[in-house]
Amino acid sequence: MKRTHHCNQLRVEHIGQQVTLTGWVHSRRDLGGIIFVDVRDREGRTQVVFDPSQLPPDVFARAAALRSESVVSVTGLVRRRPPGTENPKLASGEVEVVAQELEVLNAAEVLPFPIDDPAETAKVSEELRLKYRYLDLRRPEMIRNLRVRHKAAAVTRAYMDEQGFIEIETPTLFKSTPEGAREFIVPSRLNPGLFYALPQSPQQFKQILMVAGIEKYFQLARCYRDEDLRADRQPEFTQIDIEMSFVTRDDIYALIEGLLQRIWKEVLGVDIPTPFPRLSFAEAMNRFGTDKPDRRFALELVDLTDTFRHSQFKVFSDAVAAGGVVKAINAKGFSSATQSQVEAMTEMAKAAGMKGLAYIKVEGGQWKSPIVKFFSDGEKATLASKLGIDEGDLILFAAGPWEPVCELLGRLRLYAAQALAQAGMLRIPADQYDFIWIEDFPLLSFDKENNRWYSSHHPFTAPLPEDIPLLRTEPKKVRGQHYDIVVNGIELGGGSIRIHQPELQKLIFEEILQIPPDETKLRFGYMLEAFKYGAPPHGGIALGFDRLVAILCGTQSIRDVIAFPKTAKGTCLMTDSPSTVSPRQLKELHIEVKAPKAGA
RNA sequence: GGGGGUGUAGCUCAAUUGGUUAGAGCGCUGCCCUGUCACGGCAGAGGCUGCGGGUUCGAGCCCCGUCACUCCCGCCA
């Protein structure tokens, strides 16, 4: 039963040897007098021939009764396939194994969905694939994804080790912290009424490790966030978590550039150039309308504030007078936009707080637009030159406060690019990797509803030293030493240089973020105290490992690179979790359930 | 919390827009077949059209509700 070779190993040099293969019945072709069975394991496939003239009847009968995905052990002789019957699609296609013995180790029932045809299986609903994940994972594509994931992890560990980093595990039973993502809560049996929280990141532990003198820490850390899911967001996920002492931003950039270069080289064989370009948050917003620009295509935002400052078109000039901006993008060639596409874009504008969507379609040499009649000849000329307007273009405008205007046009830019790409009018190369650093984020954002400032990143982010004096006077002008790494419009990770002075940290918590002193002490007291006993300046970063692997695998959803992912509602279709627990368990945990019984 | 999409045979999809007995390919079962690799041929089984209500002479199709999956917004320090 023990295998002598795996199923992608046998070649012409093995001809004449007796071998044993173990694996799954990939497919059976029963020609009546002769039966072919492809045996598959994780490495590949080999054709086995059952010839009744050379076999005991019971062995042949077992072969005739084999079903797809039964697990078998086959012993036989390797021989060259007869001339003309070689299969060039199979790596082992020059040879075949002439069966002598067959043992069925586990007979499979009829499968809920086919897994032998990649094209067919790719169409099977994800719901079914998740319920029978063990079948889904048998597909070569899925095994490949898991291998890419493993390889990326292995390369990361090797690289970080070479760079002098120590991998340290931190608790997953942590403490609830205010602010930030919603947490998963774990009741404490030994401490009635008290709760742990699963960490949304090892942030505080890794900073404490810097105080502990570790200097260079990393971890492939599991993190948990009880927020709504997306194609690129799971409630539990993995990040490459890194922290270093005595560093500046440039040290982190160089480290990560080296890491990503190494991963891309060893996993994909692709050379990516370093250093990565850097873009300020302000410039990214101004040019791309997002803090994670996809620069593989143009369609950049153009500022028209000065052009329309004194325009007769009041919607624009009023917006400028109110301190806002006027911006536009030229969706080259998108005058072909359908009615429903224009409606979709108008909905996006309304969702962004605009009254509607101002646009110009350039068709038949005409500017077709409800608003162009309000423009002076000078304004039209400026538009034409600034936007490079040609036949077939679609110009989309937005006017109002800077940030919403940029964000709206950023979304419209992506929408137009996607539509143009689908129509074959724009090529967004999938094999191009545009890495970019975004930096100089505002340290603080204002929450109008609660009338208070909150951290754009997290409250441990250090302000730029020259901006510290502005903290009390002009908080919105303070830039943080925060940075994001972006590739092809995907936020791959982010980090910052941290605050290491307890006074400054206390000031941020209590004066800027308005967290009451007793609350600060309760939640972060141990950190503030730790910083009193010799805290080195430090900084770090975390990369979304699932996203990174998804990019390496060229897949849209991180579910494709996680062995057992959750659905959009956070359930596991295979194990049927979450589920109810027994009254006894609840009692031990001092928990009383008030929610109506879930639909079990 | 909000918006969009999907749900018909084991799987992937049709069903002339409300009309007779809901079809096809693959898979499955049986028979035939000694060089197939998407094997082929013949025959057959297989349906609470996600679920519950409603409108109608009549509903897979229209309406209301609900469940599941999915995409997006909010949310994700």
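What counts and how
- Sequence order as written defines residue numbering, which begins from 1 separately in each chain.
- Ligands are numbered from 1 and chains lettered from A, in the order in which they are written.
- The predicted origin of the model limits local features to residues at a pLDDT of at least 70 and limits the giving and counting of side-chain atom pairs to 80 or more, whereas totals for whole chains, interfaces and linings rest on all residues.
- The basis for every side-chain value is the complete set of non-hydrogen atoms in the structure, without hydrogens or water.
- Helix and strand labels come from DSSP, where a helix needs a run of H or I of at least four residues and a strand needs a run of E of at least two; each type is numbered from the N terminus.
- Throughout, a residue-residue contact means that at least one pair of heavy atoms, one from each residue, lies within 4.5 Å.
- Note on areas: these come from Shrake-Rupley sampling with a 1.4 Å probe, and a residue is covered only by the protein chains present in the view.
- His is not counted here, nor are the chain ends, while Lys and Arg score as positive and Asp and Glu score as negative.
- Each charge is placed at NZ for Lys, CZ for Arg, CG for Asp and CD for Glu.
- The nearness test applies per residue and asks whether one of its heavy atoms lies within 4 Å of the molecule or strand.
- Here a polar contact is taken to be a pair of N or O atoms separated by no more than 3.5 Å, where protein atoms must pair a possible hydrogen donor with a possible acceptor and residues adjacent in sequence count only if both atoms sit in side chains.
- Polar here means any residue outside two lists: the nonpolar Ala, Val, Leu, Ile, Met, Phe, Trp, Tyr, Cys and Pro, and the charged Asp, Glu, Lys and Arg; Gly therefore counts as polar.
- Classification of ring pairs uses Phe, Tyr and Trp, with its six-membered ring standing for Trp, and accepts pairs whose centres are within 6.5 Å; under 30 degrees between planes counts as stacked, over 60 as edge-to-face, and the remaining range as tilted.
- Burial status follows relative accessibility: with a 1.4 Å probe on protein chains alone, a residue under 20% of its type maximum counts as buried, one over 50% as exposed, and anything between as partly exposed.
- By salt bridge we mean one thing: a side-chain nitrogen of Lys or Arg within 4 Å of a carboxyl oxygen of Asp or Glu.

Participant: Looking at this model, I keep getting lost on the overall build of chain A. Mind explaining?
Facilitator: Within chain A, the regular secondary structure consists of 17 helices and 22 strands. For the C-alpha atoms alone, the extent of chain A along its principal axes is close to 95 × 75 × 55 Å. Taking the contacts inside chain A whose residues are at least 6 apart along the sequence as the reference set, 68% of them involve residues at least 24 apart. Working note: accessible area of chain A is about 29,900 Å², and carbon and sulfur atoms make up 52% of it. With 75 positive and 79 negative side-chain charges, chain A shows a spacing of 3 Å between the two charge centroids.

Participant: Please explain the protein's contact with RNA strand B as it appears in this structure.
Facilitator: The full set close to RNA strand B counts 49 residues, and Asp-30, Arg-79, Thr-85, Gly-180 and His-457 are the nearest of them. Here a phosphate oxygen of RNA strand B sits 2.8 Å away from a polar atom, N or O, in the side chain of Arg-67. Between a phosphate oxygen of RNA strand B and a main-chain N or O atom of Ser-125, the distance comes to 2.8 Å. Of all the secondary-structure elements, those providing two or more residues to the surface near RNA strand B are strand S1 (18–30) and helix H3 (126–131). Broken down by element, the residue count for the surface near RNA strand B peaks at 3 residues, all from H3. Its residues assigned to classes, the surface near RNA strand B comprises 15 nonpolar, 14 polar and 20 charged.

Participant: Explain the packing of aromatic side chains to me, please; I cannot follow it from the model alone.
Facilitator: Between two aromatic rings, the relevant description is the distance of the centres plus the angle of the planes. In the structure shown here, the tally under the stated rule is 25 aromatic pairs. For the ring pair Phe-308 and Phe-316, a centre distance of 4.8 Å and an interplane angle of 70° mean the geometry is edge-to-face. Classification of Phe-308 by relative accessible area gives buried; the value is 0%. Taking the centre distance of 4.9 Å and the plane angle of 65° together, the rings of Phe-446 and Trp-453 count as edge-to-face.

Participant: Whenever I open this one, the pattern of salt bridges confuses me. Can you help?
Facilitator: Oppositely charged side chains may form a pair once their charged atoms are brought near each other. Using the criterion set out here, one finds 46 salt bridges in the structure. Ionic pairing is found between Arg-479 and Asp-467, a salt bridge with its closest N-O pair at 2.9 Å. Of the two residues, Arg-479 sits in the loop between helix H13 (470–473) and strand S20 (482–487) while Asp-467 sits in the loop between strand S19 (452–455) and H13, which places them 12 residues apart along the sequence. You can call Asp-467 buried: its relative accessible area is 5%. In this structure, a network of salt bridges that share partners links the residues Arg-129, Arg-133, Asp-136, Arg-139 and Asp-560.

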